[in-house]
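# Residue-level structure breakdown
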Amino acid sequence: MSEFPFAAVVGQESLKTALLLNAINPRIGGVLISGPRGSAKSTLARALAAILPSDSEGKHAPFVTLPLGASEDRLVGSLDLQKVLANGEATFHAGLLAKADGGVLYVDEVNLLPDTLVDLLLDVAASGTNIVERDGISHSHPARFSLIGTMNPDEGELRPQLLDRFGLCLEQAGTISIDERIAIVQQREAFDRDPTGTLERVEDAQAALAGRIAKAQRLLKEIATDTWVYRTIANCCEAAGVEGLRADVTWHRAAQAHAAWRGVASVEQQDIDTVEPWVLAHRRTQPPEQSPPSSPPNGTPSKDESSSSSGNNASTAGSSQQSAEQGQ
């Protein structure tokens, strides 16, 4: 069965942008989506995997779901120690973290997972490496994936210590406009009637997104970060009353990924401003009105002056083309 394409999803521009940035640099630490059911969270997560770059062997990026009842061994993998006694070598049985390498690991209702599993998951998402140790024997493997977690606050909250460890957090509104509701239903009906036709109509937009992600991943390591960027982020984090330095580190990584997504050589004010609410949503202890306005150096566009001051303009390649393809 065909998955609904990323480029055909109506609205959700901020969420699309956050997911794309985390795909560009998984070390951002994952995206936590907090909101009611039926708001395209799982649709976008699945659709993201389809536009991620293929691996060196041409295999498509995997999409892996972590079920609520999963054991630790199923998540991280296991070592068969019986074979150590037989031939001196331990056999590693891959877990979900290994299977998600290069793709998307999706956790629905992450707030209902045992804290120990969430802890393990976030450790690997931030480091990009999974290490399994049993009785003095260890095995490590790459586990670089885009982590997407969802939760419904009505069903319980994550412990603050775990909530903070998600790189970005988006709190979805419970209501949407009438026009957007109509557009979403029309697009869904069109896909259900003719999935192949819908995929063909957005094929160019999908390819453009995939190419742009790959380009941004290559550009990421070249992005320059001037001193004023560090000071601006530090001042904002202090004013927001965040604990520790995780917000600063995440903010830098997300702003760099946003600059790479835009295809520019260095972090600019609009990159800082775009990701700010997603970095601070789950970390802020002081109300926003107490945060001082950021003050970039002369010649750096402010939030109001920049051509794109929110994720709404950054999430898709060729927005006019996509709008036409959605039939809006």
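Residues numbered from 1 in each chain as written. Predicted model: local features only at pLDDT ≥ 70, side-chain atom pairs only at ≥ 80, totals over all residues. Heavy atoms only, no water.

### Looking at the packing of helix 11 (residues 227-240) against helix 13 (residues 269-280)
This is how the line gets drawn: A fitted line through C-alpha atoms represents every axis, and for helices the fit uses only the stretch in contact; the resulting angles, taken between N-to-C directions, go from 0 to 180 degrees. Helix numbering and strand numbering both begin at the N terminus, where a helix is a DSSP run of H or I of at least 4 residues and a strand a DSSP run of E of at least 2. For this classification, under 35 degrees means roughly parallel, over 145 means roughly antiparallel, 65 to 115 means roughly perpendicular, and everything else is oblique. In this scheme the crossing of two helices becomes right-handed for a clockwise turn of the near helix relative to the far one and left-handed for an anticlockwise turn of less than a right angle. Any two residues having at least one pair of non-hydrogen atoms within 4.5 Å are treated as being in contact.
For the pair helix 11 and helix 13, interaxial distance at closest approach is 12 Å and the crossing angle is 30 degrees. Judged on the interaxial angle alone, helix 13 and helix 11 are roughly parallel. The handedness of the crossing between helix 11 and helix 13 comes out as right-handed. Here Trp228, Val229, Thr232, Ile233 and Ala240 of helix 11 come into contact with helix 13, specifically with Gln269, Ile272 and Leu280.

### What about the environment of glutamine 12?
By secondary structure assignment, the location of glutamine 12 is in the segment before helix 1 (13-24). In this structure the C-alpha to C-alpha distance between glutamine 12 and lysine 41, which are 29 residues apart in sequence, comes to 9.3 Å.

### Considerations on the pattern of salt bridges
Spelled out, the test is: Salt bridges are identified by distance alone: a Lys or Arg side-chain nitrogen within 4 Å of an Asp or Glu carboxyl oxygen. Only protein chains enter the accessibility calculation, which uses a 1.4 Å probe; a residue is then buried when its area is under 20% of its type maximum, exposed when over 50%, and partly exposed in between.
Taken as a whole and judged by the stated rule, the model has 10 salt bridges. For aspartate 73, the salt bridge identified is with arginine 134, shortest N-O distance 2.9 Å. In this pair, aspartate 73 sits in helix 3 (residues 72-76) while arginine 134 sits in strand 6 (residues 129-134), placing the two residues 61 residues apart along the sequence. Taking relative accessible area as the criterion, aspartate 73 reaches 38% and is therefore assigned partly exposed. If you follow the salt bridges from partner to partner, you end up with Asp119, Asp123 and Arg165 in one network.

### Side note on the environment of alanine 254
Along the polypeptide, alanine 254 turns up in helix 12 (residues 246-262). With a relative accessible area of 0%, alanine 254 lands in the buried category. With 18 residues separating them along the chain, alanine 254 and isoleucine 272 place their C-alpha atoms 8.2 Å apart. Contacts of alanine 254, omitting those with residues within four sequence positions, involve Leu21, Ile28, Leu168 and Val275.

### A look at the packing of aromatic side chains
For clarity, the cut-off: Note on aromatic contacts: the rings of Phe and Tyr and the six-membered ring of Trp form a pair at centre separations within 6.5 Å, being stacked when their planes are under 30 degrees apart, edge-to-face when over 60 apart, and tilted otherwise. By definition here, charges over rings are those cases where NZ of Lys or CZ of Arg is within 6 Å of the ring centre and within 35 degrees of the ring normal.
As enumerated under the stated definition, the model contains 2 aromatic pairs in all. A centroid spacing of 5.0 Å and a plane angle of 70 degrees characterise the contact between phenylalanine 4 and phenylalanine 191, whose relative ring orientation is edge-to-face. Residue phenylalanine 4 is found in the segment before helix 1, and its partner phenylalanine 191 is found in helix 8 (residues 178-193); the two are separated by 187 residues along the sequence. Residue phenylalanine 4 shares its accessibility class with phenylalanine 191, and that shared class is buried. The side chain of arginine 212 reaches across the aromatic face of tryptophan 261, ending 3.9 Å from its centre.

### Here's the deal with a negative patch on the surface
To keep things clear, this is the line we draw: Here a patch means residues that are over 30% exposed by relative accessible area and free of salt bridges, tied together within 9 Å if like-charged and within 5 Å if nonpolar (Val, Leu, Ile, Met, Phe, Trp, Tyr). Note on areas: Shrake-Rupley with a 1.4 Å probe; residue coverage comes only from the protein chains shown. Neither His nor the chain termini are counted; the positive set is Lys and Arg, and the negative set is Asp and Glu. Here the site of a charge means NZ on Lys, CZ on Arg, CG on Asp, or CD on Glu.
Among the surface-exposed residues, Asp194, Glu200, Glu203 and Asp204 lie close enough to one another that they form a single negatively charged patch. With respect to the element layout, aspartate 204 can be found in helix 10 (residues 203-220). The exposure class assigned to aspartate 204 is exposed, which follows from its relative accessible area of 55%.

### With respect to the sheet that holds strand 1 (residues 31-34)
Applied cut-off: At least two bridges found by DSSP between two strands is the condition for calling them paired.
Sheet architecture is open: 5 strands sit in the order 2-5-8-1-9, paired in parallel fashion. What marks the edges here is a single partner per strand, and that holds for strand 2 (63-65) and strand 9 (168-171). Adjacent strand axes in the sheet meet at a mean angle of 20 degrees when their direction is disregarded. Pairing between strand 1 and strand 9: 4 bridges, direction parallel. Residue pairing across strands places isoleucine 33 opposite leucine 170, the latter belonging to strand 9.

Read these as spatial facts, not as claims about activity.
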